[in-house]
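A structural walkthrough
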Amino acid sequence: MKRHASLVPLSHNHHHGLVFARRLRLAIENGWEPLPSLRDKFRRVWEAELEPHFQAEETVLAPAMEAADPETAGPLLKRLAEEHATLREQRDRVLREPSPDQLRAELLDFSRRLTAHIRFEERELFEAAQRIVPPEGLEALAEALEKAAPPPQPCPIELPPGASEPTEEPF
Ligand SMILES: [Fe+2]
């Protein structure tokens, strides 16, 4: 289903999230950057994009879905909350100065989990939102989401010379 204009700012964030997750994995697997530097970039992306994005979904989108159709929204919003909680716990472990082996494992696992979470939201959560929230309800979210969704930033993990970005998979 084509993304409703009101949800486009969140989908832009998702696109950036997928790029960040993929570059993080490639940077670790190919040794592009030392782990402490990747952890600093993780912290920056978390603070500038991921946390404000999670909050926009939790405070603007979730209540609108709940109000429109609690039965359909319930299990999807439960999964949304659980996955956000898991990712936040993982952020705490990454920033708690783990050993290099633990940091490597946590960041790789974070990359995998963030990718799966974004695909769930695009394929299931947002599709359901567009089915259950009536068009005028979606329109009404536009301004709040425009304000709450963080502006996309360039990915701080740069591709090394000669490396090419893998073809983008669709959501
Ligand atoms: Fe999201």
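What this report covers is the structure whose coordinates are included nearby. Since we're looking at a predicted model, the values are computed, not measured.

Observations regarding the overall build of the protein chain
Of the regular secondary structure elements, the protein chain holds five helices and zero strands. Ordered by position in the sequence, the α and β elements of the protein chain form the string α-α-α-α-α. In summary, the protein chain has a C-alpha radius of gyration of 17 Å against a globular reference of 16 Å for 171 residues, a match within 12%. In terms of principal-axis extent, the alpha carbons of the protein chain reach across some 50 × 30 × 25 Å. Looking at the 171 residues of the protein chain, the share that counts as buried comes to 27%.

Here we look at helix α4 (residues 100-132)
End to end, α4 covers 45 Å across 33 residues, agreeing with the expected 48 Å (1.5 Å per residue, within 8%). Along its length, α4 reaches its greatest deviation from straightness, about 40°, at E121. Three or more residues of α4 are buried, namely L103, L107, F110, S111, L114, H117, I118, E121, L125, F126 and A129. Those residues of α4 that are buried are in contact with α1 (8-29), α2 (35-68) and α3 (70-95).

Cut-off values and rules
Residues numbered from 1 in each chain as written. Predicted model: local features only at pLDDT ≥ 70, side-chain atom pairs only at ≥ 80, totals over all residues. Helix = DSSP H or I, 4+ residues; strand = E, 2+ residues; numbered from the N terminus. Rg over C-alpha atoms; globule rule 2.2 N^0.38 Å. Buried ≥ 20, exposed ≤ 12 C-beta atoms within 10 Å, placed from the backbone. Expected span 1.5 Å × (residues − 1). Bend = angle between axes of the 7 residues up to and from the residue. Contact = placed C-beta atoms within 7 Å.

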